[in-house]
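Structure assessment
Each chain is listed here by its residues.
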Amino acid sequence: MTLAALRRAQELCEFCPKMCRFACPVSEATGREALTPWGKVSLAVLVGREPDAAAALAFAGCTGCHRCAVYCAHDNDVPAILYAARATAVRAGVAPKAWTELPARFSAHGHGETADLAAVHSTLRSGHGDALLFPGCDALASGGQEARDALTVAKALGAPLGIAAALCCGLKLQEAGHPELHLAHAARVRRVLGPKPVHLVFLQPACARSVQEWLLPEGSRVEHITSYLARALAALPERSRPPPLPETLVWHDPCGLARGLSELTAPRALLSAALQDFREPPRSGVDTSCCGAGGLLPRTLPDVASKLADERKAELDGPAVTSSPACAAALGATEIVSILARWLQGAPS
Ligand code: SF4
Ligand code: SF4
């Protein structure tokens, strides 16, 4: 976002009658007016370049879910405004530790996790496809099973995936108020990927959305695993498909998939094939509610993040399936690739 666009977006919020007031999961969970999108943006304008630690924590109260944008006549990008405000807090020396500890980790390991992601990455066995799976830090930090399932399913559907050599796209650096380091990390990952066009397939929707904004070689393609697998499934003849699993699950649209990538069809096509039935929760599709796992909220305001997850779990009201390693962990939901892997085990040979 340019500086002029940022100022314009701030003005729109500042003088807005708070049209999105009810839409923010953080203000909903905390009941705090100061944590509405309007409250957070107004605070960012008010404190300018001199935020204090309390203001920094208010800026932390955003998961980047973009639910406010659904109800904003201007489609205002509130997370972009708040990430810029977080950068101001970092420069002012008042940022929470969860943001300030990331640069050293990225510098040493190429990601911001405490787990040894390179070790997990080295255990993944890829096929020889032109498209590359980019598992991402969340999937690797939880042991890599979602990545293994994605590779298994892609192969079973006749569209094997290779594996991208990179561990993390660096989105967390942006979320932690380090825009320059985010750009530097993106440049480092692009060098690892090489100078030729690449086809990258992400497990984490927000990472795919972020990488879509990179300057990749012309002809490159970036998409989510559900988009990739739904295409592969469509090419599979009916007679080669096993019967659906005799289960009914409730589908949680990850914010980054439904709003970030506008991908509503692919996961539903996959679930329709693999499950006897699936349910839609009260808030689904582009109106989906957030699980609380994004925007580094679990690291800065863990109690608020837990409350968001609990409220969403109550709304889902039953065993859930989703397609984001971060959402799956927050909600105790099953990853769609794991359902598909189980379903395809019963495929006719
Ligand atoms: S995001 Fe849009 S609707 Fe919400 S306060 Fe800002 S301008 Fe108003
Ligand atoms: S992006 Fe989501 S969490 Fe952030 S202010 Fe908007 S609705 Fe709230």
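Here we summarise the structure given alongside this text.

Parameters at a glance
Residues numbered from 1 in each chain as written. Chains lettered and ligands numbered in written order. Predicted model: local features only at pLDDT ≥ 70, side-chain atom pairs only at ≥ 80, totals over all residues. Heavy atoms only, no water. Near = heavy atom within 4 Å. Helix = DSSP H or I, 4+ residues; strand = E, 2+ residues; numbered from the N terminus. Nonpolar A, V, L, I, M, F, W, Y, C, P; charged D, E, K, R; others polar. Pairing = 2+ DSSP bridges. Axes fitted to C-alpha atoms, helices over the stretch in contact; angles between N-to-C directions. Left-handed = near helix turned anticlockwise from the far one by under 90°. Contact = heavy atoms within 4.5 Å. Buried < 20%, exposed > 50% of the residue type's maximum accessible area, 1.4 Å probe, protein only. 1 Å grid on protein atoms, 1.4 Å probe; cavity = no way out; pocket = protein on both sides within 12 Å on 5 of 7 lines; lining within 4 Å. Points joined across faces, edges and corners; volume = space filled by probe spheres on them.

1. A few points about the site of ligand 2
What surrounds ligand 2 is a group of 14 residues, the closest being Cys24, Cys62, Cys65, His66 and Cys68. Every element with two or more residues in the shell around ligand 2 is listed here: helix H2 (25-30), helix H3 (37-47), helix H5 (67-70) and helix H6 (78-91). Here the shell around ligand 2 is composed, by residue class, of 9 nonpolar, 3 polar and 2 charged.

2. Observations concerning the sheet that holds strand S5 (residues 245-251)
If you walk across this open sheet you meet the 4 strands as S6-S5-S7-S8, and the pairing is parallel. The strands lining the two open edges of the sheet, one partner per strand, are strand S6 (275-279) and strand S8 (334-335). Alignment of strand S7 (residues 320-322) against S8, held across 2 bridges, turns out to be parallel. Directly across from Thr322, in S8, lies its bridge partner Glu335.

3. A look at the packing of H3 against H6
Where H3 contacts H6, the two axes come as close as 10 Å, and the packing angle between them is 35°. Crossing geometry of H3 relative to H6 is assigned as left-handed. On H6, the residues touching Pro37, Lys40, Val41 and Ala44 of H3 are Val78, Ile81, Leu82 and Ala85. When grouped by side-chain class, the residues that make up the contact of H3 with H6 number 7 nonpolar, no polar and 1 charged.

4. Structural notes on unusual backbone geometry
In this model, Ser262 sits at a positive phi of 55°, which is unusual for a non-glycine residue. Considering the arrangement of structural elements, one finds Ser262 in the loop between helix H16 (255-260) and helix H17 (265-274). By relative accessible area, Ser262 is classed as exposed at 58%. Of note in the backbone geometry, Asp317 takes a positive phi value of approximately 55° without being a glycine. Mapping Asp317 onto the fold places it in the loop between helix H19 (302-316) and S7. Classification of Asp317 as exposed rests on a relative accessible area of 59%.

5. A closer look at empty space enclosed by the protein
Summed over all chains, the structure comprises 2 cavities of 30 Å³ or more. When its volume is computed, the largest cavity comes out at roughly 100 Å³. What lines the largest cavity is a set of 15 residues, among which Cys13, Cys16, Cys20, Cys72 and Asn76 lie closest to the centre. Elements with a contribution of two residues or more to the lining of the largest cavity: helix H1 (3-14), H3 and H5. Counted by class, the lining of the largest cavity contains 12 nonpolar, 2 polar and 1 charged residues. Cys24, Lys40, Cys62, Cys65 and Cys68 are the residues nearest the centre of the second largest cavity, which is lined by 14 residues in total. For the lining of the second largest cavity, the secondary-structure elements that each account for two or more residues are H2, H3 and H6. Ranked by residues supplied to the lining of the second largest cavity, first place goes to H6 with 3 residues. Looking at the lining of the second largest cavity residue by residue, the class counts come to 10 nonpolar, 3 polar and 1 charged.

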